Amino acid sequence: VAGAEVSPGARVLLVINDNSPVSRTIGEYYARKRDVPTTNQCHVRAAVTELIQRPEYNELATAIGACIRQNGLVESVYYIVTTLGVPLKIDGPIGLKGDAASVDSELTLLYPELKGAPPHPVIGALTNPFYNKTAAEFSHPEFPMYMVTRLAAYDFAGVRDMIDRGMQATNRGKFVIDLRVGYDEVGDKWLEEAAAKLPKDRVVLDHSNDPIYDQVDVIAYASWGSNDRHHNRRFPNFRWLPGGIATEYVSTDGRTFQRPPDDWVPSWNWTDRKLWFDGSPQALTADFILEGATGASGHTEEPYLQLNPHPNVLLPAYYSGRNLAESFYLAIPALSWQNIVVGDPLCSLGKPK
């Protein structure tokens, strides 16, 4: 199918868990807002839990694959969009030789299997064929994958507002980049490179030991988050512009979309379990959406720094007019791994003026 003949909404496969009222509500809202055809709305019946076992994932993937194949969407769909209420993560051993993964990252590899490839290995991470292909236009079969994003927040209102902000996005505002000098040269190098690839008058770059807080007109944010020991707030207190995205080098920020107590503050303290929420002391991706961001990356378990989204690819791609899904997947080196991308895949700032 020629790219120009397919509407943006028809590039999306929207996954709705009929066992989850919030998933159904989100699906109805997004389908209406983005004109997602009925044939592209995939209704499944899955556990209404964030954590599932590998056999349950296989059943879910089989059902989603059937939606794609039966409606003739294998080639035309580029984006799979999961919704709050669809399982989030697959249980298993963690680490480079484990098979724990995010549901979304596993779903990226449905495409080659629908084309007849054998099931992919589930131990460890697999190379993302789209990673850093910044000069290429995404298409099938050149890039044998789907880009998977998740419409999720703490509740329906959070997702609704995130979708609405994505449709109002424009290419203006600040790229806020916060280094953690002296901690990890590689991570800081990527942050420095991101700043160098953006217009100087659009960048706030911080080399100090103090986290950046209280910024206005924020369109993107990249930092070490709660891995910076000077980080002492739950929210950075930003005023986000519509379309604003966030990425952090944080291992477990996508572990849950359950809302923590209002007085909880993330930290780097792994020794005092009283400071943890849902198995970790670290920051939460969903807090960015609550504060007003339109999209963000996260990880359901430890991804290791090299397999985090690389901000030196992500931020320039988003600035250049790539949509949210393409920008993040250009920047994520591995699939079948711990990564999640939260937001409407079609959200775009448009090209810079």
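Structure: above.
In this report, the structure presented in the accompanying data block is examined. (Residues numbered from 1 in each chain as written. Predicted model: local features only at pLDDT ≥ 70, side-chain atom pairs only at ≥ 80, totals over all residues. Heavy atoms only, no water.)

## Here we look at the pairing of strand β8 (residues 147-151)
Next up, step 1: Of all the five residues making up β8, five are buried; the element is thus mostly covered by neighbouring parts of the structure.
Next up, step 2: One ladder, built from five bridges, connects strand β4 (residues 79-83) with β8; its direction is parallel. Within β8, the residue paired with Thr82 across the bridge is Arg150. (Buried < 20%, exposed > 50% of the residue type's maximum accessible area, 1.4 Å probe, protein only. Helix = DSSP H or I, 4+ residues; strand = E, 2+ residues; numbered from the N terminus. Pairing = 2+ DSSP bridges.)

## Considering the state of the cysteines
Next up, step 1: This model, assessed by the stated rule, comprises one disulfide.
Next up, step 2: A disulfide bridge connects Cys42 with Cys67, and the sulfur atoms are separated by 2.2 Å. Here the S-S torsion is close to 70 degrees, and the disulfide linking Cys42 with Cys67 is therefore right-handed. In this pair, Cys42 sits in strand β2 (residues 41-44) while Cys67 sits in helix α2 (residues 54-70), placing the two residues 25 residues apart along the sequence. For the pair Cys42 and Cys67, one class covers both residues: buried. (Disulfide = S-S within 2.5 Å.)

## A closer look at the nonpolar core
Next up, step 1: In terms of nonpolar packing, the biggest core is built from 105 residues, with Ile64, Ile68 and Leu315 touching the most fellow members.
Next up, step 2: When sequence neighbours within four positions are dropped, the list of residues in contact with Leu315 reads Phe175, Ile177, Ala194, Leu198, Ala220, Ala222 and Ile245. (Core = buried A, V, L, I, M, F, W, Y, C linked by side-chain atoms within 4.5 Å. Contact = heavy atoms within 4.5 Å.)

## Digging into unusual backbone geometry
Next up, step 1: With omega at 0 degrees, the peptide bond leading from His140 into Pro141 counts as cis.
Next up, step 2: Positionally, Pro141 belongs in the loop between β7 (126-127) and β8.
Next up, step 3: Even without being glycine, Asp35 reaches a positive phi, approximately 55 degrees.
Next up, step 4: Note on placement: Asp35 falls in the loop between α1 (21-34) and β2.

## So, the packing of aromatic side chains
Next up, step 1: Counted by the stated rule, this structure contains 17 aromatic pairs.
Next up, step 2: Residues Trp190 and Tyr249 carry aromatic rings whose centres are separated by 6.1 Å and whose planes lie at 65 degrees to one another, so their mutual orientation is edge-to-face. Linking Trp190 in helix α6 (residues 185-196) with Tyr249 in the loop between β12 (240-248) and α7 (285-291), this pair joins segments that are 59 residues apart in sequence.
Next up, step 3: Aromatic ring contacts, followed pair by pair, group Tyr78, Tyr79, Phe130, Phe138 and Phe143 into a single cluster.
Next up, step 4: Residue placement shows Arg11 over the ring face of Tyr78; its charged tip is 4.0 Å from the ring centre.
Next up, step 5: The positively charged end of Arg229 is found above the aromatic ring belonging to Trp268, 3.9 Å away from the centroid. (Phe/Tyr/Trp six-rings, centres within 6.5 Å; stacked < 30°, edge-to-face > 60°. Lys NZ or Arg CZ within 6 Å of the ring centre and 35° of its normal.)

## Thoughts on the packing of α6 against helix α8 (residues 311-320)
Next up, step 1: Orientation of α6 relative to α8, taken along the N-to-C sense of each, is 20 degrees, at an axis distance of 7 Å. Viewed along their axes, α6 and α8 adopt a mutual orientation that is roughly parallel. Where α6 crosses over α8, the two elements pack in a sense that is right-handed. Where α6 approaches α8, its residues Trp190, Leu191, Glu193 and Ala194 are matched on the opposing element by Pro311, Asn312 and Leu315.
Next up, step 2: Here the contact of α6 with α8 is built from residues that sort into five nonpolar, one polar and one charged. (Axes fitted to C-alpha atoms, helices over the stretch in contact; angles between N-to-C directions. Parallel < 35°, antiparallel > 145°, perpendicular 65-115°, else oblique. Left-handed = near helix turned anticlockwise from the far one by under 90°. Nonpolar A, V, L, I, M, F, W, Y, C, P; charged D, E, K, R; others polar.)

## With respect to helix α5 (residues 156-167)
Next up, step 1: Along its 12 residues, α5 runs 17 Å from first to last C-alpha, staying within 8% of the 16 Å computed at 1.5 Å per residue.
Next up, step 2: Those residues of α5 that sit buried are Gly158, Val159, Met162, Ile163, Asp164, Arg165 and Gly166. (Expected span 1.5 Å × (residues − 1).)

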